Amino acid sequence: MSFSGTPSSVPQDYSLLAHYVGSYTELRHQDIDRDVATTSEEVDVNEPLLYHRRPIPTIPVSRVSADQPSRLSETTPLLNPPVPRIREDVDALSHVSRNTVDVFWDEVKILVRYSLPVFGTHIFEHSMIMASVISIGHLSTIDLAAATMGFMTANITGLSIIQGMANTLDTVLPSAWTSDQPKLVGLWTQRMSILMSIMLIPMLAIWFNAEPILLALRQEPEIARLAGLYLKWASLGLPAYAFNAISRRYFQAQGLFTVPTRIILCVAPLNIFLNYLLVWGPEPVRLGFIGAPIASSISYNLVSIASVIYGVFFVRKTAWHPITAKAFTDLGFITKLSIGGVGQVASSWWSWELVGIAASFLGAVPLATQSILISTTSSFFQAPYALGIATSVRIGNLLGERNAKRAGVAVRASCLLGVVLAVLFSSTLMTLRHSWGYLFNDDPEVVQLVAAVLPLVALVEIFDNGTALVGGILRASGKQLLGATLNISAYYAIGFPIGFWLTFKWDMQLIGLWLGLNLAMAFSASIGLYISLTTDWNREVEKVMARLAADKAYRPQDEEHRH
């Protein structure tokens, strides 16, 4: 089941088809001995590490325990409670005058540390998808074609929408966590859960009626029947997929980046076993075609159950908000952000689907080549996408603690890491261009065409890294609508018209398509990076504080007192 958390998640399906056819890190409770060496205050190891909000960037950040106040000065806010933060070693040096270069490299290290577990999560999730595809691919060509059609339908009508909505939480959760109201992390999570539950209703309706819809779109009857059957069983995992997209942001906002990784690391091997057992296992349990979506649905529900257990029993309740009617407020605001988030993500996902469809009109060799190329870019995209998420969380945390200057430094640090990834991936493709195709296919014509188009793919990698970073930065500042506008104008007003014109009018085949993609991504990445690098982060801090103030009058203890 193509349940991927990143754009262009279906390309690997095309590739296989072509092949067969032809901190809170537990608020980090980290090395208390090392922490004591960096502060003169006592630490109660039985209490969470807490921090005062920094009202002025030059005021030292002091750690306090629950029963021991921090050092006070005339500028320390007396009425605000201690604020939980993601613990960073550099915070112990906050009182030291440090130059921008040192701060820059601090942020580089932090972003690398945040990105690695996110990247691991996506890799393991990718393995869960591939297990399903490979299991079905060995049944028959018709089964794989039907599953591919099911993947495409699922991505367009459900998964891209869910991921776009969940990305909204990158705007509100990290800043809430480092504000003086950390329980707003739980409140906004509840609000998104309500909105997501509403949106699941039309998605499930489409999935349960996929066969007549596909028949109306002139699909072959047998493929439409099997694809509809696939989506009906896959729908058992759709609510869990939506929940996982939300819970992952809940953990990440608190600095618990490794939690989703550890959970999916445990479930991924079980998913492989379930796919084998239900698709190819002994007669009593073998289900054949429908075994793959059932296995994936079980796996995603197991991830949900594990996330709940971990959140309830192994994470402090600092971020959790009591379930009250307050969860039904401000749904209009989060809906507005979600619309922009869906536009930002879906416009990119759907564009890759259109490119695959366009390639199908060029013949078997171009289609097989295109499947390899899109599969390559999809795999490489996991790293910059993880960096974009890490950047979004880091900037959000800094905005929540009113550290506008450091947020700007974090943006520049993420750009450097993006350039490093782009150079690494592009140079890899150029170095291996003449042999890259053999990783997927043994047809000499396909391998030769892959080598011919790979220089354009290598160029796309540079811009693709930029768009991934821009997406994360824009989410951190609540500019999803701007991101959606950039993507839609880049792909649908520039990239596709020019690419299709070059492909079909000038008979440039795949080269025309990839020239169009390069123009689209260059437009989106360059404008997006300019906006990101010139953003007034002091203004963004003001916007975050205004958003937090909307809920400030409400306190969870008020609700408890009324009862």
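These figures come from a predicted structure and were not determined experimentally.

Quick notes on the rules
Numbers given to residues run from 1 along each chain, matching the order in which its sequence is written. Confidence filtering applies because this is a predicted model: local features only for residues at pLDDT of at least 70, side-chain atom pairs given and counted only at 80 or more, and all residues used for totals across whole chains, interfaces and linings. Computation of side-chain values: all heavy atoms of the structure, hydrogens and water removed. Axis lines are fitted to C-alpha atoms, over the contacting stretch for helices. Their N-to-C directions set the angle, which ranges from 0 to 180 degrees. Helical segments are the DSSP runs of H or I of at least four residues, strand segments are the runs of E of at least two, and each set is numbered from the N terminus. Here is the rule for handedness: rotate from the far helix to the near one, and if that takes an anticlockwise turn smaller than a right angle the crossing is left-handed, while a clockwise turn gives right-handed. Note on contacts: a residue pair qualifies if any of its non-hydrogen atoms lie within 4.5 Å across the two residues. Throughout this entry, Asp, Glu, Lys and Arg are counted as charged residues, while Ala, Val, Leu, Ile, Met, Phe, Trp, Tyr, Cys and Pro are counted as nonpolar. The remaining residues, Gly among them, count as polar. Residue burial is assigned from relative accessible area. The probe radius is 1.4 Å, only protein chains are included, and a residue is buried under 20% of its type maximum, exposed over 50%, and partly exposed in between. By definition, a salt bridge exists where a carboxyl oxygen of Asp or Glu is found within 4 Å of a side-chain nitrogen of Lys or Arg. In this description, a nonpolar core means a group of buried Ala, Val, Leu, Ile, Met, Phe, Trp, Tyr and Cys residues linked to one another through side-chain atoms lying within 4.5 Å. Any angle that falls under 35 degrees is termed roughly parallel, while one over 145 is termed roughly antiparallel, one within 65 to 115 roughly perpendicular, and all others oblique. Given the number of residues in a helix, its expected span is that number minus one, multiplied by 1.5 Å. Throughout, bend refers to the angle between the axes fitted to the seven residues that end at a position and the seven residues that start at it. Distance and chemistry together define a polar contact, namely a pair of N or O atoms within 3.5 Å, with one atom able to donate a hydrogen and the other to accept it when in protein, and with adjacent residues in sequence counting only for side-chain atoms on both sides. In predicted models, pLDDT denotes the confidence assigned by the predictor to each residue on a 0 to 100 scale. Only residues whose relative accessible area exceeds 30% and that take part in no salt bridge are eligible for patches, with like-charged residues grouped when within 9 Å of each other and nonpolar side chains (Val, Leu, Ile, Met, Phe, Trp, Tyr) grouped when within 5 Å. Working definition of accessibility: Shrake-Rupley area with a 1.4 Å probe, residue cover restricted to the visible protein chains.

### Comments concerning the packing of helix α9 (residues 238-253) against helix α11 (residues 291-313)
Next, step 1: At a minimum axis separation of 9 Å, α9 and α11 run at an interaxial angle of 35°. The two elements α9 and α11 meet at a crossing, and its hand is left-handed. Residues Ala240, Tyr241, Phe243, Asn244, Ser247 and Phe251 of α9 form the contact with α11, whose participating residues are Tyr300, Asn301, Val303, Ser304, Ser307, Val308, Tyr310 and Gly311.
Next, step 2: Residue composition of the contact of α9 with α11, by class: eight nonpolar, six polar and no charged.

### Let's talk about the side chain of Ser414
Next, step 1: Note that Ser414 resides in helix α14 (residues 404-431).
Next, step 2: In this structure Ser414 comes out as buried when scored by relative accessible area, which is 0%.

### Thoughts on the pattern of salt bridges
Next, step 1: The final tally for this structure, using the stated rule, is twelve salt bridges.
Next, step 2: Measuring nitrogen to oxygen at the nearest pair gives 2.8 Å for the salt bridge that ties Glu222 to Arg225. Linking Glu222 with Arg225, this pair stays in helix α8 (residues 221-234), spanning three residues, or about one helical turn.
Next, step 3: Each of Asp106, Glu107, Arg394 and Arg406 takes part in one network of salt bridges that share partners.

### Details of the nonpolar core
Next, step 1: Within the largest apolar cluster, 90 residues are counted, with the highest numbers of intra-cluster contacts made by Ile162, Met196, Phe289, Ile395 and Trp537.
Next, step 2: Top contributing element to this core by residue count: helix α4 (residues 141-166), with twelve residues.
Next, step 3: Contact partners of Ile395, with chain neighbours within four places excluded, come to Ala407, Ala410, Val411, Ile473, Ala476 and Trp537.
Next, step 4: Membership of the second largest hydrophobic core comes to 42 residues, among which are Leu417, Phe440, Ala458 and Leu510.

### Side note on the packing of helix α6 (residues 184-208) against helix α12 (residues 331-359)
Next, step 1: Taken N-terminus to C-terminus, the directions of α6 and α12 make an angle of 70°; their axes are 10 Å apart at the nearest point. With respect to α12, the element α6 is oriented roughly perpendicular. Between α6 and α12 lies a crossing of right-handed hand. Taking contact as the criterion, the partners of Trp188, Arg191, Met192, Ile194 and Leu195 in α6 are, on α12, Leu331, Phe333, Ile334, Thr335 and Ser338.
Next, step 2: Residue composition of the contact of α6 with α12, by class: seven nonpolar, two polar and one charged.

### Re helix α15 (residues 444-476)
Next, step 1: Here α15 is 33 residues long and its end C-alpha atoms lie 46 Å apart, about the 48 Å a rise of 1.5 Å per residue gives.
Next, step 2: Bending of α15 peaks at approximately 45° at the position of Leu454, with proline Pro455 no more than four residues after it.
Next, step 3: Counting buried residues in α15 gives 24 out of 33 residues, a clear majority hidden from the surface.
Next, step 4: N-cap assignment for α15: the residue whose side-chain oxygen lies 3.0 Å from the backbone N of Glu445 is Asp443.
Next, step 5: Gly478 sits one or two positions beyond α15 and adopts a positive phi of about 70°.

### Structural notes on the confidence of the model for the protein
When pLDDT is low, close inspection of the predicted coordinates is not appropriate.
Next, step 1: On average, residues of the protein score 80 in pLDDT, and 80% of them reach the 70 mark or higher.
Next, step 2: Counting interchain partners and residues more than four positions distant, the pLDDT-below-50 stretch residues 1-84 has 220 contacts.
Next, step 3: Contacts for the low-pLDDT stretch residues 558-563, under 50 throughout, to residues beyond four places or in other chains number five contacts.

### Some remarks on a nonpolar patch on the surface
Next, step 1: Taken together, the side chains of Phe243, Leu270, Phe273, Ile298, Leu302, Ile305, Val308, Ile309, Val312, Phe313 and Phe314 make up a nonpolar region of the molecular surface, amounting to roughly 990 Å² of accessible area.
Next, step 2: Elements represented by at least two residues in the nonpolar patch include exactly α10 (258-280) and α11.
Next, step 3: If one sorts the elements of the nonpolar patch by residue count, α11 sits on top with seven residues.
Next, step 4: Its place among the elements puts Ile298 in helix α11.
Next, step 5: Exposure remark for Ile298: the relative accessible area of 36% places this residue in the partly exposed category.

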